[in-house]
Amino acid sequence: MTDSTIIYTHTDEAPLLATYSLLPVIQSYASAAGIEVETRDISLAGRIIANFPEYLEESQRIGDALTELGEMTQLPGANIIKLPNISASVPQLKAAIAELQSKGYAIPDFPDDPKTDEERALRARFGVVLGSAVNPVLREGNSDRRAPLSVKNFAKAHPHRMGAWSKDSKTNVAHMEADDFCSTEQSFVVASDGTLRIELVAADGTITVLRESVPVLEEEVIDSSVMHVAALHEFLTRQITRAKEENILFSVHLKATMMKVSDPIIFGHVIRAFFPHTFATYGAALLAAGLNPNNGLGAIFEGLATLADGPAIRAAFDAELAAGPRLAMVDSDRGITNLHVPSDVIVDASMPAMIRQSGHMWGPDGKESDALAVLPDSSYAGIYQVTIDDCRANGAFDPATMGTVPNVGLMAQAAEEYGSHDKTFEVPTAGVVQVVDGSGAVKLRQDVEAGDIFRMCQTKDVAIRDWVKLAVSRARLSMTPAIFWLDPSRAHDANLITKVERYLLDYDTDGLDISIMTPEDATKRSLDRIRCGEDTISVTGNVLRDYLTDLFPIMELGTSAKMLSIVPLINGGGMFETGAGGSAPKHVQQLVAENYLRWDSLGEFLALASSFEHYSQITGNARAKVLADTLDRATGTYLNEDRGPSRAVGGIDNRGSHFYLALYWAQELARQSDDIELALAFAPLAETLGAAEQAIVAELIAVQGAPADIGGYYRPEESLVSAVMRPSATFNAALATLG
Ligand code: NAP
Ligand code: MG
């Protein structure tokens, strides 16, 4: 890699499959302009392999690309295109390990219930690939996400379907009112660089150090908070009764992927609360068998098969399932409930999906139904209640006329909750958890009972300053009102408000409309404006960044995958995330079943254009600018001509959409007059692709309908995927002429 190489990431599932078709186009176009595009493997399987070299043969080992990219984000020349990757739950991690083992990689088994020091160490090593392990390493900047004008206009002209809302909808959000992370939050601003220790002082005075030393910087904001599990359990029990009484679906929405320590534990409490008798009778037996509710009902049911009294335990579960409220389903055909897998229902995606669908989720009978959405912690749950109330009162949003809500998110340097995993603990005994500074002064104190979840969060001052700057510059560039979503009654937010008010003074905000509102009020104001076709920038912390960049795009565009998602790295580099969506596992199933990939690479096109643009600014390479501008126009044509993948066999899929992008891009390059040499280089290709359009589309459609063998899920065979994803000999031959 040189100072100015573009890095394209090799990830998982649908975006990985799409890469095998799109990257050859990107690399040949870029290389014709003298720009190198390299790849780095940050797939789940790749990360597992990279972390266990001593178990593997020399030829199987690969470097730790994630760590390398993490270091690269510090360089001013960094230019990384980041595709979505799997945030692995424990079941996914185990499946990936099993696949690697079957391919001859001697990766050790994941220890479910580590008992020895050796097993605990192994478990900790797997911890670095578990959950959202990639994004926090790469996100060394704040986040700038919006729907580009071309995309927004396309969505207005071709509005997606929105489920109608009824004024009688019984759908609501339930959250705790006290004793949760939000209500217990304490916060302080660090006076000078140093370290903090987190310790548990038990009732008898014994001190257990939970974290020996957390480095902190001057002016950094530190918070602590606790989820009291007795109150959580009582709350959950009440909501289960409520859903039953109101005869609506019971559903729980967490973020077990990103909040990988706290949320699986909370998920486990939901299961305990739903099956109180089963756990009273068999809890000890389940525990002894290593069947932990934190991994979901599905894993317990599987494990029961090996137990002597498995059938009796299963009967106890089934009896309570039948007696309880109807459960929201992930897949009613296969009997997969909301409680089967902790990461099946992920709040940022699941709540917008429900709101788009008339406030419905799917019930056990396979039909849509109103639902109680349980989001235990009250920090952000209110925004969804406001949105639901708004839809109940005013009907569904209209994508043809609605305004847009771009986001400027505080994300850099593992800000706030999303960086708290290594400071989150399930407290072993009752006492006080305290945060102590280098001088021995106790800065924060939380009373805890055994089993409570304690967490400490950090937010660096440079990140906050950069966030305020980005907010002002976005507000100025788009002349759009900007709202900081901060709640003065939350300890952390109160500290942020003080800083925001101070840092705003450093900028010329004349003529700009910048305000600070609670998340609920900000939601209401943004929704009122959106219904009038007006735009409002949301300036939020890390969690709301994640939630809102799904909520608004899903309502406005039908998917967050069509967002432009830029991370201006604090040290000057650029990271370009493709869309805000995930890796669409369902799309892989369809490809394997019928050789059809419905993944839309629009997010990749948008990211790539921004990456070329950034490249030209950093290196002064004018050709990169030509590539960016022509790609931008080609993407506009792609949208206007409706060349995105359709959903079913017979239409053009992901591969066909790449052909059209390549065609339009070549035509734009051939047509532009900023760089005649480049125009001449692309003219023959534009000609060939245009002439061969029908032949290529026919070749691409001919392969559809039969199963496709890609030789694996987490680590598919390169030669097989490449063959599946590049089935048009005519297209491949035309591309090869560029070199
Ligand atoms: P998802 O992958 O976004 O999929 C939800 C649905 O959104 C898909 O089934 C698909 O709808 C639609 N979709 C998303 N991207 C699309 C695209 N480019 N083209 C067409 N349709 C698209 O969400 P998920 O199932 O919640 O998450 C799957 C995995 O992705 C998880 O492991 C999650 O942790 C990870 N994830 C990663 C990132 C990241 O790396 N930045 C972000 C979010 C999630 P249809 O099925 O209706 O076609
Ligand atoms: Mg999200």
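Just so you know, these numbers come straight off a predicted model, no measurement behind them.

Participant: Describe the domain arrangement of the chain, and please don't skip the residues or the numbers.
Facilitator: Partitioning the chain into structural domains gives domain 1 (1–85 + 576–739) and domain 2 (172–181 + 228–394). If you average the C-alpha positions of domain 1 and of domain 2, the two centres end up 38 Å apart.

Participant: Help me get a handle on the packing of helix α13 (residues 347–356) against helix α18 (residues 542–557), residues and values and all.
Facilitator: Two numbers describe how α13 lies on α18: the axes approach to 8 Å, and their chain directions differ by 25°. When the axes of α13 and α18 are compared, the pair comes out roughly parallel. The handedness of the crossing between α13 and α18 is right-handed. For the pair formed by α13 and α18, the contact residues are V347, D348, A349, P352, I355 and R356 on the first element and D546, Y547, D550, L551, I554 and M555 on the second. Taken together, the residues of the contact of α13 with α18 break down into eight nonpolar, no polar and four charged.

Participant: Explain the packing of aromatic side chains to me, using residue names and the numbers behind them.
Facilitator: Counted by the stated rule, this structure contains 19 aromatic pairs. Measuring from ring centre to ring centre gives 5.8 Å for F52 and Y55, while their planes differ by 70°; the resulting arrangement is edge-to-face. Given a relative accessible area of 34%, Y55 falls into the partly exposed group. A centroid spacing of 5.0 Å and a plane angle of 65° characterise the contact between F659 and Y660, whose relative ring orientation is edge-to-face. The class of Y660 is buried, set by a relative accessible area of 4%.

Participant: Explain the state of the cysteines residue by residue, including any values.
Facilitator: By the definition in use, this model includes zero disulfides. Cysteine C391 is unpaired, with the sulfur of C532 as its nearest cysteine sulfur at 15 Å. Of all cysteine sulfurs in the structure, the one in C182 sits closest to C457, which takes part in no disulfide; the separation is 12 Å.

Participant: Summarise the sheet that holds strand β22 (residues 537–540); cite the residues concerned and give the values.
Facilitator: Taken in spatial order, the 10 strands of this open sheet run β2-β1-β3-β24-β23-β4-β15-β22-β20-β21, and their pairing is mixed. Each having just a single partner strand, β2 (37–41) and β21 (514–517) make up the two edges of the open sheet. In this sheet, adjacent strand axes meet at a mean angle of 20° when their direction is disregarded. Bridge analysis of strand β20 (residues 482–485) against β22 gives three bridges, and the strand direction is parallel. Bridge pairing in β22 places F484 opposite V539. Contacts between helix α15 (residues 461–478) and the sheet are confined to β4 (143–146), β15 (407–409), β20, β21, β22 and β23 (564–568), with β22 contributing the most and set at about 180° to the helix. Packing against the sheet, α18 makes contact with β4, β15, β20 and β22, and its axis sits at approximately 150° to β22.

Participant: How would you summarise the site of ligand 1 if you had to cite specific residues and measurements?
Facilitator: Close to ligand 1 lie 19 residues; G582, A584, H587, R598 and D600 are nearest. G582 is positioned with one of its backbone polar atoms (N or O) 2.7 Å from an oxygen atom of ligand 1. Across the complex, the protein chains shield 76% of the 880 Å² of accessible surface that ligand 1 would expose by itself. Split into classes, the residues belonging to the shell around ligand 1 amount to seven nonpolar, eight polar and four charged.

Participant: Tell me about the nonpolar core, and name the residues and values.
Facilitator: Ranked by size, the top nonpolar core spans 62 residues in total, and within it Y29, F612, F659, W665 and L689 carry the most contacts. No other element matches helix α22 (residues 654–671), which puts nine residues into this core. When neighbours within four sequence positions are excluded, L689 is seen to be in contact with Y29, F659, A662, L663, I696, F731 and A734. Counting residues in each nonpolar core, the second largest holds 39 residues, with M176, F235, L254 and L297 among its members.

Participant: Give me the lowdown on the coordination of the magnesium ion (ligand 2), citing residues and values where you can.
Facilitator: Those protein atoms acting as donors to the magnesium ion (ligand 2) are D348 (OD), D546 (OD) and D550 (OD), and they sit at 1.9 to 2.3 Å. Mapped onto the sequence, the donors of the magnesium ion (ligand 2) take the spacing D-x197-D-x3-D. Here the residue D348 occupies a position in helix α13, and D550 occupies one in helix α18, the gap between them amounting to 202 residues. Accessibility classification places D348 together with D550 in one group, the buried group.

Rules behind the numbers
Note on numbering: residues in each chain are counted from 1, in written sequence order. Each chain is given a letter, starting from A, and each ligand a number, starting from 1, according to the order in which they appear as written. Side-chain atom pairs in this predicted model are given and counted only at pLDDT of 80 or more, local residue features only at pLDDT of at least 70, and totals for whole chains, interfaces and linings cover all residues. Each side-chain value is worked out from all heavy atoms of the structure, with water and hydrogens disregarded. Boundary definitions for the domains trace back to an automatic or database domain assignment. Think of each axis as a best-fit line through the C-alpha atoms, taken over the contacting stretch in the case of a helix, with angles from 0 to 180 degrees between the N-to-C directions. We count a stretch as a helix when DSSP gives it H or I for four or more residues in a row; a strand needs E for two or more, and each element gets its number in order from the N terminus. An angle below 35 degrees is treated as roughly parallel, one above 145 as roughly antiparallel, one from 65 to 115 as roughly perpendicular, and anything else as oblique. Left-handed is the label given to a crossing in which the near helix is rotated counterclockwise from the far helix by less than a right angle, and right-handed is the label when the rotation is clockwise. By definition, residues are in contact when any of their heavy atoms lie within 4.5 Å. For this scheme, ten residues count as nonpolar: Ala, Val, Leu, Ile, Met, Phe, Trp, Tyr, Cys and Pro. Four count as charged, namely Asp, Glu, Lys and Arg, and the remainder, Gly too, count as polar. A pair of aromatic rings is counted whenever rings of Phe, Tyr or Trp (Trp by its six-membered ring) have centres within 6.5 Å, and the orientation is called stacked for planes under 30 degrees apart, edge-to-face for over 60 and tilted otherwise. Working definition: with a 1.4 Å probe on protein chains only, accessible area under 20% of the residue-type maximum means buried, over 50% means exposed, and in between means partly exposed. Criterion for a disulfide: a pair of cysteine sulfur atoms within 2.5 Å. Pairing between strands is defined by DSSP: at least two bridges between the two strands are required. When we say a residue is near a molecule or strand, we mean one of its heavy atoms is within 4 Å of it. We define a polar contact as two N or O atoms separated by no more than 3.5 Å, with the added condition that, inside protein, one atom must be a possible hydrogen donor and the other a possible acceptor, whereas residues neighbouring each other in sequence contribute only through side-chain atom pairs. The Shrake-Rupley method, run with a 1.4 Å probe, gives the accessible areas here. Residue values count only the displayed protein chains as cover. Take the buried Ala, Val, Leu, Ile, Met, Phe, Trp, Tyr and Cys residues and link them wherever side-chain atoms come within 4.5 Å; each set so joined is a nonpolar core. Here the coordinating atoms are restricted to nitrogen, oxygen and sulfur within 2.8 Å of the metal centre, or 3.2 Å for Na, K and Ca, and because water is not among them the sites may look incomplete.

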